[in-house]
Structures are given as C-alpha cells and as structure tokens.
Amino acid sequence: MAEIDMGIYNSLFPYYIEACAVTQYHKRGTKPGGWGGHATIFLNGAEIEPGAGYPRLRLPSAGADRSSFDSGVGVSVNQIFTNVTWVAIPGRWEFFRGGLAAEQILDDSLYEAAVQRATAAGWFDGIAIRDKLTRQKPHGMPLQEFVVRHSIGTDFAMNFARTAYCARQPLTRQALGRAIAYLNAVNDGARERGYSWDAYTNNCSHVVHNAVAAAGVWDPKEARSPGPMSVVRDVVSVATALALGRMSDFSFPANTFVRLYEAGNERPIENAFAASRNHDVARTMSDGWLSTGPGALIATYPMHDGGRNQLFAAGRDPFLFSVPMLWDKEEKFRKLTRTPPSTVTDLYANLTHFRDRYVEALATQSTSSGDSFEERFRGRLAEELQRTESLIAEYRLLVGARSR
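Predicted model, so just to flag it, every value in this text is computed and none were measured.

S.K.: Describe the overall build of the protein, listing the residues and the values that go with them.
M.R.: When its secondary structure is counted, the protein shows 14 helices and eight strands. Its C-alpha radius of gyration of 21 Å places the protein within 12% of the 22 Å reference for a compact globule of 404 residues. In terms of overall dimensions, the protein has a C-alpha envelope of 75 × 60 × 40 Å along the principal axes. Across the 404 residues of the protein, 53% fall into the buried class. Pairs at least 24 residues apart make up 77% of the contacts formed inside the protein by residues separated by at least 6 positions. In the structure as shown, the protein presents an accessible area of about 17,500 Å², 53% of it carried by carbon and sulfur atoms.

S.K.: Can you explain the sheet that holds strand E1 (residues 16-22)? Please cite residues and give values.
M.R.: Reading across the sheet, the six strands line up as E6-E5-E2-E1-E7-E8 and stay open at both edges, with antiparallel pairing between neighbours. With one partner strand each, in any of the chains shown, strand E6 (86-90) and strand E8 (298-301) form the two edges of the open sheet. Ignoring which end each strand starts from, the neighbouring axes of this sheet average 25 degrees apart. Sitting on the sheet, helix H6 (residues 173-193) is in contact with E1, strand E2 (38-44), strand E5 (73-77) and E6, with an inclination near 130 degrees to E2.

S.K.: Can you lay out a nonpolar patch on the surface for me, pointing to particular residues and giving the numbers?
M.R.: There is a patch of nonpolar side chains on the surface, built from Trp 35, Tyr 200 and Phe 319 and spanning about 280 Å² of accessible area. Mapped onto the fold, Phe 319 is located in the loop between E8 and helix H12 (330-338). By relative accessible area, Phe 319 is classed as partly exposed at 31%.

S.K.: Just give me the short version of the state of the cysteines, but keep the residues and values in it.
M.R.: In a disulfide, the sulfur atoms of two cysteines are covalently bonded to one another. Taken as a whole, this structure holds one disulfide when the rule is applied. For Cys 20, the disulfide goes to Cys 166, at an S-S distance of 2.1 Å. Between Cys 20 and Cys 166, the S-S torsion sits near 110 degrees, and that sign places the bridge as right-handed. Residue Cys 20 is located in strand E1, and its partner Cys 166 is located in strand E7 (residues 164-170); the two are separated by 146 residues in the primary sequence. For the pair formed by Cys 20 and Cys 166, the shared burial category is buried. Cysteine Cys 204 is unpaired, with the sulfur of Cys 20 as its nearest cysteine sulfur at 11 Å. Given the relative accessible area of 8%, Cys 204 is considered buried.

Rules used in this analysis
- Residues numbered from 1 in each chain as written.
- Predicted model: local features only at pLDDT ≥ 70, side-chain atom pairs only at ≥ 80, totals over all residues.
- Heavy atoms only, no water.
- Helix = DSSP H or I, 4+ residues; strand = E, 2+ residues; numbered from the N terminus.
- Rg over C-alpha atoms; globule rule 2.2 N^0.38 Å.
- Buried < 20%, exposed > 50% of the residue type's maximum accessible area, 1.4 Å probe, protein only.
- Contact = heavy atoms within 4.5 Å.
- Areas by Shrake-Rupley, 256 points an atom, 1.4 Å probe, with all protein chains shown as cover.
- Pairing = 2+ DSSP bridges.
- Axes fitted to C-alpha atoms, helices over the stretch in contact; angles between N-to-C directions.
- Patch = residues over 30% accessible without salt bridge, like charges linked within 9 Å, V, L, I, M, F, W, Y side chains within 5 Å.
- Salt bridge = Lys/Arg side-chain N within 4 Å of Asp/Glu carboxyl O.
- Disulfide = S-S within 2.5 Å.

This is how it looks when you write it as structure tokens:
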C-alpha cells in the first residue's frame, strides 16, 4: 500500500496483527527453497523491548503515536535458530522491502548494504544457530553478520526474494497485549530449553497461528516436538477437526492467511442465532469486540520486480492444505491473491461496506426477543455501527488534510 494509505490506516486502527503467507525462496543459480513457503506476522502497536539481550516485544505507552507509515514490528521464525524461536525487525519498510525503493536495481551492492545495516542495527544480537551451520562461517566474519546473511530474504527484506500475501486483523490494545505476551513466552521458553523446528508439527505457521489465537481470534494449535508419533497425532487431529468443525493441529502459511481473512470478513454478524452458535464470535463478544469488522483488509507485498532484480527469481506460491467438497480453500486463496474485491483492499470501500452490513443487520434483528445473547449482540452491532460511522468521518478528514 502507498505510504499515505498506511499512515491513514494506522491512524484509524493503531493496533492490529497482520499474518502473511510468503512465497518460495529462490536465489538465481541455486536450488529453490522449501515447498511450504513461509509465514510471518507484522504487529502495529508493538515495539522491540530494549536491553533484553534477545528478541522480546512490549506494548508502547497508551499515548504513543502509532500512525507513522513505518510504525510496528515484523516477527519471523527461522528453523536455523536454536536459542530463540523468532526475531523482530522494526518497521515495515525494512521488514518487507529491506529499505529498497521500487525503482532501484537489486544488485550485490544494495544486498550487501542491507546486510551491513541489519548487522549494525543489532536485530540478530544474542541469537545462536545450529552448530552444523555455524561451522560454515568464514574465518573473521562476525557471527551476527553470518546469521544475518542466512536470514535476509526470509526474516527481513522479504521482498528481495519473496511475495507476501497478508491478512490484517484490527485488535483491541488488550488483545494485542496478549499476542505479545504469547510471543515473549515462546522466546523465553526457547532461551531455557532450546528451539526444535519441525516442518509438520512445529513450524513458523504454528507460531503465527497461536499469536493470533492468543489475541482471541480463534482456537490455538498444539505445536509438538519432532518425531513420527507427533505427525500421527496431527493426522488424528485432522479427523477430529472435520468431525467437530474446528481446526486441526497441522499448520500451513497459506491456510493461516485465508483463515484470518475469513475471521475478519466472513463470520456471522447478520444473524444473532448463527453468531451464538459460533464459538469464535462468542469468544470475542465476551471480550468486548468482533473480529469481523472494518479494517480487516488484505494486501500483497510483491517481490522486487524481476526486471530490476539481479539476485532472485520468483518462487512458487506457498502450499495450501485443502479438502475438496469439505474444506476447499484453494479457489478462495487464488481469488484473494489475484483478483480480490475492493472491499478488502480499499480502506474507504471497506468502511462503507461494513457500515451498510451493520445497518442491514440491525434492521432485520428483533429488538425484544428476551434472549440475552441476542440483546447483547444487537447492542454490539449498534456500537460497531456508531464506531464505523466515526471512522468514516475521520477518514475523510485525514484524506482532506493530506490533500491540502
């Protein structure tokens, strides 16, 4: 999105979590990376905790300005880490673009500049990696620079090598605080017991999914230790999920992206009875908010243009787990990443869309049924309508101010 759009978006929605499914890594002249792709998250309303000695996050003070285009923190899991699970990168400009403007040519000199900038910034200080990889470090190269060289294009500067498909979920400050607490607990645990990545049972997507779960959007998944029995338990969880209409413990980046889009746009808000039978809606209701609402946008952050990219070739889309006739998400993923509707890509269209949905929902629901959930739900919709109308008015003022 353009800088002015993100500045306005951040003014209206200062707290949110953005889950991204990222395409395959493919450096020119080398074998492509893993078939599953990669998962990351970006959190606005979070900042890196200084002086911790390893990556930790915190909520800024309640009055801090979070409206800058470059506010927020990107979080990425890397299988090479051994004493932490994830690393944090400040600002979407470095996290996604690596500081590279669209018109620049990505060559060795700009790549090296990004490596040196990340090393000097200390983002990877205190992070240890697998012994087998450490032994490959050239003599005289600082360890943190070596770690950065094995992280660029995956943990930061993602668009050097990959396209990121992202779904954004606005949160309350309290909900974002719970997501941050979960992420800190994950890295605290890795400091004490080490981190053991597994492609099926404990991968980057598990961390992303469970951070969103900690915010209250959906149920968590169990991340298991590597091994055949853990895979068997995950397979059993698929059958259980299909029978109960819940989620399995398998976790894949593209699926998380689609699910967060659904949470922000497709949960039942037009019908109180359907909402009462949806335990995710009931959970957020009890927490004082609804996940399906204004600001739940999607965005594509494309890989640096091939004509200006001397180092990387486009990789394939991340793997999507889909069950035809039962849980078919492939068509939805294709639509969202190729021809998404304006109601999930344009902020003003999104705001007016939800205003109209709330008006219609309130017009069709009973005002005195005696059902306590229905009454509370109607009250929540009325509050959301009022909030959305205020957001529309504020949006118009911000756009007007930027155009002067």
